[in-house]
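# Analysis of the macromolecular model
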Amino acid sequence: MTEGYSEKVMDHFANPRNVGEIKDADGIGKVGNPVCGDVMWIYIKVKDNILEDVKFKTFGCGAAIATSSMITELAKGKTLEEGLKISRGNVAEALDGLPQVKLHCSNLAADGLHAAIKDYLEKTGKKLP
């Protein structure tokens with residue numbers, strides 16, 4: 001049943017990084033796909049324009065969990081601007097690819113991070129430097 005999934009996808013699915021909720025999150029992004037039913041929340045903690053902590057909660061398939069895990073790894077330690085530049089393709093590439101029918105999962109992860117950053121900016125009234 002792992003046909004088409006890279007070792008990295010399987011590792012992030014079986015051993016997801018940064019799972020959980022940040023209780024006092026500076027920004028929260030919630031995204032979902034009504035077709036497949038995947039839903040994810042991305043939580044961020046920001047300090048001095050840096051994504052100091054990034055966590056996730058995902059209800060979905062293995063690919064959705066793997067992409068959620070990977071987006072947290074890609075975003076941690078980055079500036080807000082760099083976080084907004086992480087693309088859907090970056091997520092899939094960092095996982096050594098995804099089956100074509102699961103590419104929408106990488107879209108959710110990147111969109112979730114972007115939504116969390118935008119939530120932070122709206123809450124604080126800040127604009128990107």
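Residues numbered from 1 in each chain as written. Predicted model: local features only at pLDDT ≥ 70, side-chain atom pairs only at ≥ 80, totals over all residues. Heavy atoms only, no water.

### As for the UniProt feature "domain: NIF system FeS cluster assembly NifU N-terminal" (unreviewed entry) in the chain
Where we set the bar: UniProt positions are given in the numbering used here, feature names are shortened, and annotations may be inferred rather than shown by experiment. A helix here means a DSSP run of H or I that spans at least four residues, while a strand means a run of E at least two residues long, and both kinds are numbered starting from the N terminus.
In the numbering used here, UniProt assigns the feature "domain: NIF system FeS cluster assembly NifU N-terminal" (unreviewed entry) to residues 5-125. For residues 5-125, helix accounts for 47% and strand for 21%, while the C-alpha atoms at its two ends are 41 Å apart.

### Observations regarding helix α2 (residues 62-75)
In plain terms, the rule: Take the number of residues in a helix, subtract one, and multiply by 1.5 Å to get its expected span. Think of it in three bands: with a 1.4 Å probe and only protein chains considered, a residue is buried below 20% of the maximum accessible area for its type, exposed above 50%, and partly exposed in between. The contact criterion used throughout is that any non-hydrogen atoms of two residues lie within 4.5 Å.
Its 14 residues place the ends of α2 20 Å apart at the C-alpha level, agreeing with the 20 Å of an ideal helix rising 1.5 Å per residue. Across the 14 residues that make up α2, a large majority, 11, are buried. Buried within α2 are the following residues: A63, A64, I65, A66, T67, S68, S69, M70, I71, T72 and A75. At its buried positions, α2 is contacted by α1 (7-14), β2 (39-47), β3 (50-59), α4 (88-94) and α5 (103-124). Two residues or fewer after α2 comes G77, characterised by a positive phi angle close to 85°.

### Describing the environment of L80
Position of L80 among the secondary structure elements: in helix α3 (residues 80-85). Residues L80 and I50, spaced 30 residues apart in sequence, show a C-alpha to C-alpha distance of 6.0 Å. Apart from the residues within four sequence positions on either side, L80 is in contact with V46, N49, L51, I117, Y120, L121 and L128.

### Observations concerning the environment of N33
The following threshold applies: N or O atoms within 3.5 Å of each other form a polar contact, as long as, within protein, one can give a hydrogen and the other can take it, and as long as residues adjacent in sequence are counted only when both atoms are side-chain atoms.
Tracing the chain through its elements places N33 in the loop between β1 (27-32) and β2. Reaching out from N33, the side chain makes a polar contact with the backbone nitrogen of V35 at a distance of 2.8 Å.

### A look at the sheet that holds β3
Here is the rule: Two strands are counted as paired when DSSP detects at least two bridges linking them. Here an axis means a line fitted to C-alpha atoms, over the contact stretch when the element is a helix, while the angle between two N-to-C directions is reported on a 0 to 180 degree scale.
On the basis of which strands lie adjacent, the open sheet formed by three strands has the order β1-β2-β3 and antiparallel pairing. The open sheet has two free edges, formed respectively by β1 and β3, since each of these has just one partner strand. Put simply, the sheet's adjacent strands are angled 15° from each other on average, direction ignored. Examined bridge by bridge, β1 and β2 share six bridges and lie antiparallel to one another. Each residue of the ladder has a partner; that of I28, found in β2, is Y43. Sheet contacts for α2: β2 and β3; angle to β3, the most-contacted strand, approximately 175°. Across the face of the sheet, α5 comes into contact with β1, β2 and β3 while running at roughly 145° to β1.

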